[in-house]
Amino acid sequence: MRPSTEEELAEIVQGAAGPLRIRGGGTRAIGHAAGDLLETVGLAGVRLYEPGALTLVAGAGSRLAEIEALLAGEGQRLPFEVPDMRGLLGRAGASTLGGVVAANASGPRRIQAGACRDSLIGVRFVDGAGQVVKNGGRVMKNVTGYDLVKLLAGSHGTLGVLTEVAFKLLPMPETTVTLALPDLAPDRAVAAMAAALGSPFDPSAAAHWPGRGTFLRVEGFEASVRYRAMRLRALLAPFGVAEEVESPWEAIRDVAPFHGREGDVWRLSLKPSDAPAVAARAGGEALFDWGGGLVWLLCDPGTDLRARIAPFAGHATLIRGSAPVAVFQPEPLPIAAIAAGLRARFDPRGLFNPGLMA
């Protein structure tokens, strides 16, 4: 099923006799949802683009690459640096805006600009009763009741089928500089990134790639970038000599070190200061992003990473692999009850991606 209008989608949901498996471009979905395939790529097209207001409204099925090209033509971008997961997951196809929102997909710039949900200012979607729901708008503002804009981001299609999304945008930077420290032990790398991120010099990315180096990015106007890069070099002198290098950020964003390699890939979200010890307990290979708050791990096939690293304060998500465990971190009972209540409210028949959150 591939509806081309919101009304057609609503009719499909109203008449559904069983579960529906929601898919955008099929490039970033994880886990194994059940049901008949419902594709959203027909719900495409730019509804509103106001470069002067830094605002974009587009259909959820719009191709990400086309949207990024449109924005680049005006010297603008989505703030949150969307990862391309095709290489990591072994997928083809074209990512869609709805899929980006459903996964709350956010790259290295998250430490400065926030996640996808922080740039999302409006959504339209069809709920499990086949009703069209709208929340938010074309400008940032307070809302009453459920903040559905934030709720839909990262819901992986379990609360509703997105039809339209609205974003605030950012201008592209005039200048970008990446500094690299020589390869450090993970604890020293996290300490260096914490020093940089705690400074007034505003890095837009901080990552540690074992064997390659510890990287920091500064963006903005030329004079500002050169000054901040100079001050960061001085600040980081206790950790080594920081040299200006070519950008590694696309590879870090897309977890390129793990492409085409055997093993399970896990994504850990945790306190940066905990990252070195947790990665050491996990074994395998690690890639640290967000100053250490995001750790990608490549482990042996079938590894129950949660059991291996317990006790663990954070979330471990199985992105790719064969481990016989739930894809998403099991929630504490009070949170699980709230999540179940939300799904019952927005999808009372349990139509959307059943089994994905189990």
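1. Here we look at the nonpolar core
Move 1: Membership of the largest hydrophobic core comes to 30 residues, with the highest contact counts inside it found for Leu78 and Phe167.
Move 2: In this structure, Ala180, Trp209, Phe258 and Val265 belong to the second largest nonpolar core, which totals 23 residues.

2. Details of the sheet that holds strand β7 (residues 132–136)
Move 1: Spatially, the 5 strands line up as an open sheet ordered β3-β4-β8-β6-β7, and their pairing is antiparallel. The two strands at the open ends of the sheet, each matched to only one other strand, are β3 (46–50) and β7. The average angle at which neighbouring strand axes cross in this sheet is 10°, direction not considered.
Move 2: Bridge count for strand β6 (residues 120–126) against strand β8 (residues 161–168) is 6 bridges, and the pairing is antiparallel.

3. Describing the pairing of strand β17 (residues 314–320)
Residues in a regular strand point their side chains to alternate faces of the sheet.
Move 1: Most of β17 is tucked away, with 5 of its 7 residues classed as buried.
Move 2: For strand β14 (residues 264–270) and β17, the ladder comprises 6 bridges, and the chain directions are antiparallel. Among the inter-strand pairings, Ser269 is bridged to a residue of β17, identified as His315.

4. Focus: helix α2 (residues 64–72)
Move 1: Residues Leu64, Ile67 and Leu71 constitute the buried set of α2. Down the axis of α2, the sector holding all buried residues measures 65°, keeping them to one side. Residues of α2 that are exposed and point over 90 degrees away from its buried face: Ala65, Glu66 and Ala69.

Rules and cut-offs
- Residues numbered from 1 in each chain as written.
- Predicted model: local features only at pLDDT ≥ 70, side-chain atom pairs only at ≥ 80, totals over all residues.
- Heavy atoms only, no water.
- Core = buried A, V, L, I, M, F, W, Y, C linked by side-chain atoms within 4.5 Å.
- Buried < 20%, exposed > 50% of the residue type's maximum accessible area, 1.4 Å probe, protein only.
- Pairing = 2+ DSSP bridges.
- Helix = DSSP H or I, 4+ residues; strand = E, 2+ residues; numbered from the N terminus.
- Axes fitted to C-alpha atoms, helices over the stretch in contact; angles between N-to-C directions.
- Arc of directions from axis to C-beta.

Everything listed here is a matter of geometry and, on its own, says nothing about what the molecule does.
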